[in-house]
Structure formats: structure tokens, C-alpha cells
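Coordinates in review
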Amino acid sequence: MDYDWLIIGSGFGGSVSALRLSEKGYKVGVVEAGRRFEDEDFAKSTWNLSRYLWAPFLGLRGIMRFTPFKDVFIASGAGVGGGSVVYANTLYRAKKEFFENPQWAELADWEQELDKPYATAERMLGVNTVPFESPGDKILQDYAASIGTADSFCRTPVAVFFGEPGKTVEDPYFDGEGPSRTGCIRCGACMVGCRVGAKNTLLKNYLWFAEKCGAEVLPNRKVVDIRPLGSSDGRDGYEVQTQSPGLFGGKRKTLRAQGVIVSAGALGTNHLLANCKHAGSLPKVSDRLGRLVRTNSESILAVTLPDDSLGVSQSVAISSSIHTDADTHIEVVTYGAKGDLLSFLLTLIVGDGTRWTRVFSLLGNVIRHPLRFLQTLWPFGWSKKSIGLLVMQSLDNAISFRARKKWFGRGIRLATEQDAARPNPTYIDAGNKAANWIAENTGGIAQSSVLEAVANIPMTAHILGGAAIAGDAEHGVVDHEQRVFGYHKLLICDGSVVPANPGVNPSLTITAMTERAMSKIPPRD
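Residues numbered from 1 in each chain as written. Predicted model: local features only at pLDDT ≥ 70, side-chain atom pairs only at ≥ 80, totals over all residues. Heavy atoms only, no water.

If you tally the helices and strands in the protein chain, you get 13 helices and 27 strands. For 525 residues, the compact-globule formula gives about 24 Å, and the C-alpha radius of gyration of the protein chain, at 22 Å, lands near that figure. In the protein chain, once contacts between residues fewer than 6 apart in sequence are set aside, the share between residues at least 24 apart is 73%. Of the roughly 20600 Å² of accessible surface on the protein chain, a fraction of 53% belongs to carbon and sulfur atoms. Of the charged side chains in the protein chain, 57 are positive and 54 negative; the average position of the first set lies 7 Å away from that of the second. (Helix = DSSP H or I, 4+ residues; strand = E, 2+ residues; numbered from the N terminus. Rg over C-alpha atoms; globule rule 2.2 N^0.38 Å. Contact = heavy atoms within 4.5 Å. Areas by Shrake-Rupley, 256 points an atom, 1.4 Å probe, with all protein chains shown as cover. Lys, Arg positive; Asp, Glu negative; His and termini not counted. Charge placed at Lys NZ, Arg CZ, Asp CG, Glu CD.)

Laid out in C-alpha cells, this is it:
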């Protein structure tokens, strides 16, 4: 065997797994499709496409991946460190409803089970509360007061080293054993890529210590197949086929391991396992694969202010949040001064409707407000004067991933379907009301995501589920210890096992769930 454990993906689940298994004496390999970025390698602005966008078939090997489907438009991360290199550093614990969801509630007292793993994750990721107020926070707080929920306003718990702005110091988190860190300068570019060294990405904690313990990270390798060796249940180990990503695929390399942990993110894991299941490599994977896919019930909006005099970009990516009701959570967002490319994802705000009526609503808005529409088409300076709104809900809704034969070549592609019993929302009224109120009170322009406005397709930055935890293979893909039903030493540790909408940013929950799963694996003999 090349490794005792081979981990596919280096995001929150993969990095936690790599560290904890290495600490237990196992030989660990981590395969990552993306490239490795040092702090100075990140894009200086989103216009640096080759360092910002992930589209390897076009030669773009950055950190942000966009994937459109019929029912959702997904933003996700790429690179060593997974989503941590591009996420908004925001680390809330899940809402109480998440732990009580019937998909997994009978398997354990999950709030109690995850309490200590949450605390460990918070310590490792360096969670602290944003220590300052930004102009965007004040605007959000004023809106909360106007709807009677001022008490719900709070500054966010984030994975950022604040320290003295711009000053580099020895590791402040792990008694000097971690990397040196530089204080946050409030540039707002957390989701463009932190070039300062203030963002607590996984390369600053879990992955840093995993490599110190001997884990080997293999970047620029995409896993295309997992196949048991000998016994069909994987008891004799696995053969994992990898190739370098690109338009036609690169050189293939085979790795062998006694156990495999799939941590390719919800989208990557669903696609990989669907390929393996339908190609016959892992035929025992539950038929529930691709079911109960969650979008965190999200909507992404923005308001562009008349000018940049308020300095709304001088903050961290997400600095505060409110609740408009028990189920709906709204955060204020910035991309800093260098995120103008993302303006193309937004257009004039559109109200509720169907796939056929919303596009006509948008055309009506364009006719009524032609100057506003033209302003939304001009990207330069957009991020410096815009306030983003990330709307999330803890409601029980879902879509499904369905495996379809590729139009060209071998293998399968994923398509989406709405869950008939609990469809995912394509419009969240609370989000639109917040955006419209902010626009009216600042003289700004309220905006919806383009695909939501023209095709009734919501956008999410937190795709989850599809390989949900359950009591048996008739109801999910993995058991309460995140082991794939029907296989030996095959686990899934990423957002795909999350069984419900947490209603908040899910990274801390994924980390805590993986901490718990790794605690169940005994040390190496």
C-alpha cells in the first residue's frame, strides 16, 4: 500500500482527517485537484482570472469555482486548503433545529455529541469575534431596528488574526508551533484571497500540523475512480485512480491505500461517488446518493451605494448578522476594493415569480429604471461601494442530484431536480425586503443574482448533503460515524454528509462533525 489512509480533498473535512490520522500514527496522503497557494500567490484582484477562477479546461487554476445547474448556481472553493482559501471566515455553530432534524435525530443527541468537537474546532481555527464596527454593520443594525429585531444583531465569529494591523508576529495560537501571522488590515479581500496572512485558512492550522506529522499533500491531482482491491467490500484496501485536471485529462497515476476518506466537497463527492457507483467500481453505495441535497436555503443579494465615501469595503468579508425571524439569518458581506468581477453575477432586483415571469419582471425594471440598469453593467468600482447580503434559512427544504450520461465521452454528469415534498426556495422575501430597505435609505441600487432574476435559479455558496447521515442504507449513504454503508474503511468527511440546513455558514459544523468521526478511528497498531 502507498498509504494507510488516502484522503480525497483538502478542505475542512480532509484537513481535519489528515491531522488526526497522522497523529494516530497512520501514513496519510491527501489528493487535491487544485493548486497550492502561498499568501503572496493569491490574486491581487478578481480580474486576475488565472489566479481567481477555477476552470482548468480554460487554463484557469484559481480558487473560486462556479457551477450552474437547472435548480441552483453553486459557488465553491478550489486549491490546497479547499474552501478555506476562499470562504468568508465565518464560523457559527448550527441552529438547534439542525440537531433535531428527523433525518438523524434518533441516532444521537447531536447537540451534546458535537459540543466538544465544536470547541476543538473553534480553538484550532482561531475563532474570535470581529472587534470593530464597519459602516455596513451600522446599516444592517439600523435595518434590524426598523423591523423590530435589533436584539438579534451581533458581530460575527471569524477565523481571522486581528493583532496589530500589518504587523507580523510569531504564531499566536499554538504556543509558537504554528506559522507566523500578520494582523488584519481590514482590506475586505478575504474571499479574493488573503495576501496579508491574517486569514486562518487550513494551511495555518490543521493542514500545517498534518504535514508536520508526516502527511503528504499531492496537489494538481484529480481522483476519477475508487475501486476495492480483492474483497468487494474494501476489506483488502482500495485502488484510487488520479489524473491531472485539464480539458483532455492528464497523465494518470494509481495509488493504493488501506482506507479512503472522500472529502471532495459536497459537489465533488456526489459527482465522484456517482461515477464510481454507475461505472461499477463502488456498486454498493446507497441508492440514496444524491438525495437530500441542501443549499442552506440561501439567497445572495447586494446594494450598490451612490459612492464609496462610507468605506463599506474596509472590513472583513462578513462582519455582522441579524435574524429577521426565527428561521432567517442575514449577513452583511464585502469583497473589499478588488472584487469588481463579481458584479457580473448581479442585476436589478426582481420580486417573486416563476421561471417564466421573473425575466419579464426584470425587463420591466430595466424599462422603468434604465439609468440604474446601465449603472449595474459598469463593473469598475462596484465592490468598493457595494454591500452584499447573504441570506440563509434553517428550513427543511432540498433538491436532488441525478446521475445522467455525459453528452460527450464516458462517465456521468450531475443534473438537479427539486424535492417534490419540500422544494428549495427560489425567492426569499426577507432578503429582498432587506435589500430594498437599504437601497431606499442610502440612495443605492438593490440587486438580485442574475440567474435568480432571469431563470428563477437561486445562488448558494454552501452546497451540502447528497450523502447524508442515516440509520441505514435505505435512508442515507453513511452511518453515524460517517462510514459508507456496505464498505470497510471508506468514509465521507465533508459537507455532503450534512443532513439538514444549518441556517448559518456550515464550515464549523463540517469541521466538528469530522473531529467526531476521526475520534472513532483507533490509533495504528
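Quick look at empty space enclosed by the protein now. Applying the stated criterion to the full structure yields 3 cavities of 30 Å³ or more. Considered as a void within the structure, the largest cavity measures approximately 90 Å³ in volume. Every residue lining the largest cavity is counted, 14 residues in all, and those nearest its centre are Cys-184, Cys-187, Cys-190, Cys-194 and Ala-198. In this structure, the second largest cavity occupies an estimated 60 Å³ of space. Going through the elements one at a time, β18 (318–323), β19 (328–333) and β21 (386–393) are the ones with two or more residues in the lining of the second largest cavity. (1 Å grid on protein atoms, 1.4 Å probe; cavity = no way out; pocket = protein on both sides within 12 Å on 5 of 7 lines; lining within 4 Å. Points joined across faces, edges and corners; volume = space filled by probe spheres on them.)

We now examine the sheet that holds strand β17 (residues 299–304). Pairing within the open sheet is antiparallel, and its 7 strands lie in the order β8-β18-β19-β21-β17-β24-β20. Across the chains shown, the open sheet's two edge strands, defined by having one partner strand only, are β8 (154–155) and β20 (346–348). This element, helix α6 (residues 135–146), spans β18, β19 and β21 of the sheet and lies at about 0 degrees to β18. (Pairing = 2+ DSSP bridges. Axes fitted to C-alpha atoms, helices over the stretch in contact; angles between N-to-C directions.)

The next point concerns the sheet that holds strand β6 (residues 73–77). On the basis of which strands lie adjacent, the open sheet formed by 3 strands has the order β5-β6-β25 and mixed pairing. Looking at which strands have only one partner, the edges of the open sheet turn out to be β5 (64–68) and β25 (459–460). Direction of pairing for β6 relative to β25: parallel, over a ladder of 2 bridges. Across the sheet, the residue bridging to Phe-73 is Met-459, located in β25.

The next subject is the environment of Val-350. If you trace the backbone, Val-350 turns up in the loop between β20 and α9 (357–368). When the C-alpha positions of Val-350 and Asn-365 are compared, they lie 7.9 Å apart, and in sequence the two are 15 residues distant. Discounting chain neighbours no more than four positions away, the residues touching Val-350 are Arg-358, Ser-361, Leu-362, Asn-365, Tyr-427, Asn-432, Ser-448 and Ala-453.

What follows concerns the packing of aromatic side chains. Enumeration according to the criterion identifies 17 aromatic pairs in this entry. Their ring planes at 50 degrees and their centres at 5.5 Å tell us that Phe-69 and Phe-401 sit as a pair that is tilted. Of the two residues, Phe-69 is situated in the loop between β5 and β6 and Phe-401 in strand β22 (residues 399–405); the sequence distance between them amounts to 332 residues. A single burial state applies to Phe-69 and to Phe-401, both of which are buried. Geometrically, the ring pair formed by Phe-98 and Trp-104 is edge-to-face, given 5.1 Å between the ring centres and 65 degrees between the ring planes. When sorted by exposure, Phe-98 lands in the same class as Trp-104, which is buried. (Phe/Tyr/Trp six-rings, centres within 6.5 Å; stacked < 30°, edge-to-face > 60°. Buried < 20%, exposed > 50% of the residue type's maximum accessible area, 1.4 Å probe, protein only.)

At Asp-175, a position not held by glycine, the phi torsion is positive, near 55 degrees. Take Asp-175: it is sitting in the loop between β10 (168–169) and β11 (181–182). Relative accessible area serves as the criterion here: at 79%, Asp-175 is assigned to the exposed category.

The next point concerns helix α1 (residues 12–23). In this model, α1 (12 residues) spans 17 Å end to end at C-alpha, consistent with the 16 Å of a helix rising 1.5 Å per residue. For α1, the tally of buried residues reaches 11 of 12 residues, placing the bulk of the element in the interior. Along α1, the residues classified as buried are Phe-12, Gly-13, Gly-14, Ser-15, Val-16, Ser-17, Ala-18, Leu-19, Arg-20, Leu-21 and Ser-22. Looking at the buried residues of α1, the elements they touch are β1 (3–8), β2 (28–31), α5 (115–125), α7 (206–212), β15 (252–262) and α13 (507–519). (Expected span 1.5 Å × (residues − 1).)

Its place among the elements puts Thr-304 in strand β17. Of the polar contacts made by the side chain of Thr-304, one reaches the side chain of Gln-447; its length is 2.6 Å. With sequence-adjacent residues up to four places away left out, Thr-304 is seen in contact with Trp-382, Lys-385, Ser-386, Gly-444, Ile-445 and Gln-447. (Polar contact = N/O pair within 3.5 Å; in protein donor to acceptor, adjacent residues only side chain to side chain.)

Ranked by internal contacts, the top residues of the largest apolar core, which has 129 residues, are Leu-21, Tyr-52, Ile-226, Val-262, Leu-282 and Ile-492. With residues near it in sequence (within four places) discarded, Ile-492 still touches Val-262, Thr-269, Leu-273, Ala-467, Val-477, Val-478, Gln-482, Val-484 and Val-497. Core analysis: the next-biggest nonpolar cluster, separate from the first, contains 23 residues, Leu-140, Tyr-143, Val-332 and Leu-389 among them. (Core = buried A, V, L, I, M, F, W, Y, C linked by side-chain atoms within 4.5 Å.)

Take the layout of surface pockets next. If you add up the space inside the second largest pocket, you get close to 220 Å³. As for the second largest pocket, its lining consists of Trp-5, Tyr-26, Glu-481, Arg-483, Tyr-487, His-488, Lys-489, Leu-491, Ala-517, Lys-520, Ile-521 and Pro-522. Grouping the constituent residues of the lining of the second largest pocket by class yields 7 nonpolar, 1 polar and 4 charged. (Nonpolar A, V, L, I, M, F, W, Y, C, P; charged D, E, K, R; others polar.)

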